[in-house]
Amino acid sequence: MSAPTKNQESVEIDPNMPEARTDLPPGWLEVTSMDMDAQGVARKPDGKVVFIDGALPGEIVTANVHRKKNNWEAASLLEIHHESSQRVRPGCPNFGLHSGACGGCKMQHLHVAAQVAIKQRVLEDNLWHLGKVKAETIYRPIEGPAWGYRYRARMSVRYVPKKDKVLVGFHERKSRYIADMETCKILPPHVDAMLMPMRALISSMQARETCPQIELACGDEVTALVLRHLEPLSDSDIAKLREFAKQYNVQWWLQPKGPDTVHLLDDGGTQLAYALPDFGIHMPFKPTDFTQVNPHINRVLVTRALRLLDAQKTERVIDWFCGLGNFTLPIATQAREVLGIEGAEALVARSRENYAKNNAARAEGLELAPTSFVARNLFEMTPEMLFADGNADKWLVDPPREGAFALAKALADIHQARIGAEGAEPLPESGKNWQPPKRIVYVSCNPATLARDAGLLVNLAGYRCVAAGVVNMFPHTAHVESMAVFELA
């Protein structure tokens, strides 16, 4: 079931949702599920669906309705009459429904194991309801530390003159205001310990009213902080940043304008990087490059994805949406040849650098497979473009939230043309000898677009969904990461 949004007059109601109980006192509601925004979902006796902030599946509650539409209402939890056995005490004082509560997490009141179970259900429901696909096997979820996992974060900064204080953190729930946070338990402990000193630092600077953001990026050895500043920094402010860096062992980067202006405050020092030890890969990156938020899960994710891909020394593999080479370089330790394709030219250049550095560092006889990188708009793929890339035995696909629709549709168009489906466009001569990959491992950060693309692959492109499972990359949030494996039928 979808969550209500500002411009929706109605939402799609799950046809399997049970009717309201008739044995409850007036105004009491039984919560039967949780939606994608971590709201409890209940049904009123008149058939209307109610989305309840703070309520959990299995609970009987009363709620304060603050918004009404034709077939749904939005509400907040008022009282719990029967509590879920999975309700737990939140681990962070900023979490909750109270005024000023942080909006960064939405599930801290639910046991982590139950969070994962709900995300697994969301994945399976999306695959079936949106894609008409049922995975033949459901993988055990990939899980890791529930706290201190967020190695990347974009924190807002604001000086509040009335209170003469600086706030550093995330926005309040459903608000443009910044939460007054003194601690954040999903940040690494050493970063959590820096929040108050960071507030004091910005408060002491002449530029305290013109620094709207600090972006965090942690590598295995380096903690980088990117300070967005709207005006040039004074010498005294620069000196304060250097003193803070020395005291807290961080690396300051400055961003005076757009992302392309990000630069180190002081050159030298250890390079920001992370390792994939299972493959002997070392990945340098810049603090504004896309890397996974949770490095603990990323290592497991890459290892499982490559085990499922099962690339052989005789095989050619394409890594779509390859980014910095997070999957590409490990694949190059196993395959005969690899092609990495990414939309951003800057990331392609960084991928080439990472490949060259890693290959040069490897022992003789253990070199990486020949690997090339190409920049291309992956949202405008066509069968002709696939033919031009040549045959590949296997694909790894790791798209952004928008998914890989054009890629899946190109495969579907080719298959439909080859089986002579009505209305299918004939294929050019260049595709006569082209063969689709026999296996696709699809890593997703949005179950809805994964389901849409899976529907194309299974129902129109000749594949089976042999397995799927969730990846709990973001504990305590409603964000669902997952992985699915497709094989030619």
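Our structure's up above, just so we're on the same page.
Just so it is clear, the model here is predicted, and its values are computed rather than measured. (Residues numbered from 1 in each chain as written. Predicted model: local features only at pLDDT ≥ 70, side-chain atom pairs only at ≥ 80, totals over all residues. Heavy atoms only, no water.)

Novice: Please explain the sheet that holds strand E11 (residues 263-264) as it appears in this structure.
Specialist: Picture the strands of a sheet paired through backbone hydrogen bonds; they go either parallel or antiparallel. Strand order in the open sheet made by the 6 strands is E7-E6-E8-E9-E10-E11, with mixed pairing throughout. The open sheet is flanked by strand E7 (165-169) and E11, the only strands paired with a single partner. Inspection of the sheet shows strand E6 (residues 152-160) paired to strand E8 (residues 213-218) by 5 bridges, in the antiparallel sense. Residue Arg 152 lies in a different strand from E8, and its bridge partner there is Ala 217. Against the sheet, helix H3 (residues 195-204) makes contact with E6, E7, E8, strand E9 (223-228) and strand E10 (251-255), and its axis sits at roughly 135° relative to E7, the strand it touches most. Where helix H4 (residues 235-248) meets the sheet, it contacts E9 and E10, and its direction lies at approximately 145° from that of E10. (Pairing = 2+ DSSP bridges. Helix = DSSP H or I, 4+ residues; strand = E, 2+ residues; numbered from the N terminus. Contact = heavy atoms within 4.5 Å. Axes fitted to C-alpha atoms, helices over the stretch in contact; angles between N-to-C directions.)

Novice: In this structure, what is going on with the sheet that holds strand E20 (residues 481-488)? I would like to understand it.
Specialist: The mixed open sheet is built from 7 strands, whose spatial order is E16-E15-E14-E17-E18-E20-E19. The two strands at the open ends of the sheet, each matched to only one other strand, are strand E16 (371-375) and strand E19 (463-471). Along the sheet, successive strands turn relative to each other by an average axial angle of 15°, direction set aside. Here helix H5 (residues 295-309) sits on the sheet and contacts strand E14 (316-320), strand E17 (394-397), strand E18 (439-444), E19 and E20; the angle it forms with E18, its principal contact strand, is near 160°. Each of E18, E19 and E20 touches helix H10 (residues 447-459); the most contacted strand, E18, lies at about 165° to it.

Novice: I would appreciate a short explanation of the pairing of E20 in the present structure.
Specialist: Sheet faces and side chains relate simply in a regular strand, where the side chains alternate between the two faces. For E20, the tally of buried residues reaches 6 of 8 residues, placing the bulk of the element in the interior. Across 6 bridges, the pairing between E18 and E20 is antiparallel. Bridge pairing in E20 links Val 441 to Val 485. For E19 and E20, the ladder comprises 8 bridges, and the chain directions are antiparallel. (Buried < 20%, exposed > 50% of the residue type's maximum accessible area, 1.4 Å probe, protein only.)

Novice: For this particular structure, what's the right way to read the nonpolar core?
Specialist: Across soluble globular proteins, nonpolar side chains have a tendency to be buried as a group. Counting 89 residues, the largest nonpolar core has Leu 227 and Trp 252 as the members making the most contacts within it. With 7 residues, H5 is the largest single contributor of residues to this core. Discounting chain neighbours no more than four positions away, the residues touching Leu 227 are Ile 202, Met 205, Cys 211, Gln 213, Ile 214, Leu 233, Leu 241, Trp 252, Trp 253, Leu 254 and Gln 255. Residues Met 34, Leu 110, Leu 378 and Ile 414 belong to the second largest nonpolar core, which totals 50 residues. (Core = buried A, V, L, I, M, F, W, Y, C linked by side-chain atoms within 4.5 Å.)

Novice: Just to check I follow, could you spell out the environment of Gly 100 for this structure?
Specialist: You can see Gly 100 is positioned in the loop between strand E5 (72-82) and helix H1 (112-131). A relative accessible area of 29% places Gly 100 in the partly exposed class. In this structure Gly 100 touches Glu 172 and Ala 179, once residues within four positions along its chain are discounted.

Novice: Teacher, can you tell me more about the packing of aromatic side chains here?
Specialist: Remark: the centre distance and the inter-plane angle together describe each pair of aromatic rings, the angle taken between the planes. Applying the stated criterion across every chain yields a total of 8 aromatic pairs. Their ring planes at 55° and their centres at 5.9 Å tell us that Phe 244 and Trp 252 sit as a pair that is tilted. The class for Phe 244 is buried, based on a relative accessible area of 5%. Of the residues examined, Trp 252 reaches a relative accessible area of 2% and is grouped as buried. Feature note: the residues Phe 244, Tyr 248 and Trp 252 constitute an aromatic cluster, connected by ring pairs. Directly above the ring of Tyr 177 sits Arg 176, whose terminal nitrogen or CZ lies 4.7 Å from the centroid. (Phe/Tyr/Trp six-rings, centres within 6.5 Å; stacked < 30°, edge-to-face > 60°. Lys NZ or Arg CZ within 6 Å of the ring centre and 35° of its normal.)

Novice: Before we go on, may I ask you to explain the side chain of Asp 398 in this structure?
Specialist: Structurally, Asp 398 is set in the loop between E17 and helix H9 (405-418). Look past the residues within four positions of Asp 398 in its chain and what remains in contact with it is Trp 320, Phe 321, Phe 327 and Val 443.

Novice: I tried to follow unusual backbone geometry on my own but got confused; where do I start?
Specialist: Of all residues except glycine, most have a negative phi; of all peptide bonds, most are trans. Its identity is not glycine, yet Lys 174 carries a phi of approximately 50°, on the positive side. Examined against the element boundaries, Lys 174 turns out to sit in the loop between E7 and helix H2 (189-192). In this structure, His 476 takes a positive phi of about 75° despite not being glycine. Residue position: His 476 is located in the loop between E19 and E20. Judged by relative accessible area, which is 2%, His 476 ranks as buried.

Novice: Would you mind showing me how to read the side chain of Thr 477 here?
Specialist: Secondary-structure assignment places Thr 477 in the loop between E19 and E20. In terms of polar contacts, Thr 477 uses its side chain to reach the backbone carbonyl oxygen of Phe 474, at 2.9 Å. Beyond its immediate sequence surroundings of up to four residues, Thr 477 is in contact with Gly 104, Lys 106, Met 107, Lys 119 and Tyr 149. (Polar contact = N/O pair within 3.5 Å; in protein donor to acceptor, adjacent residues only side chain to side chain.)

Novice: I would appreciate a short explanation of the pattern of salt bridges in the present structure.
Specialist: Between side chains of opposite charge, pairing is possible as soon as their charged atoms come close. Tallied over the entire structure, the rule returns 28 salt bridges. Across the pair Lys 185 and Asp 192 runs a salt bridge whose closest N-O atoms are separated by 3.2 Å. Judged by relative accessible area, which is 34%, Lys 185 ranks as partly exposed. The class for Asp 192 is buried, based on a relative accessible area of 12%. In this structure, Arg 336 engages Glu 337 in a salt bridge whose closest nitrogen and oxygen atoms are separated by 3.4 Å. With a relative accessible area of 39%, Arg 336 lands in the partly exposed category. A network of salt bridges, in which partner residues are shared, links Glu 136, Arg 439, Arg 464 and Glu 487. (Salt bridge = Lys/Arg side-chain N within 4 Å of Asp/Glu carboxyl O.)

Novice: Looking at this model, I keep getting lost on the pairing of strand E15 (residues 337-342). Mind explaining?
Specialist: Most of E15 sits out of view: 5 of its 6 residues are buried. Here E15 pairs with E16 via 5 bridges, running parallel. Following the sheet pairing, Glu 342 is matched in E16 by Ala 375. Since E15 and E16 lie parallel, the crossover through helix H7 (residues 345-361) that links them has a hand, and here it is right-handed. (Right-handed = clockwise from strand over helix to strand, strands pointing away.)

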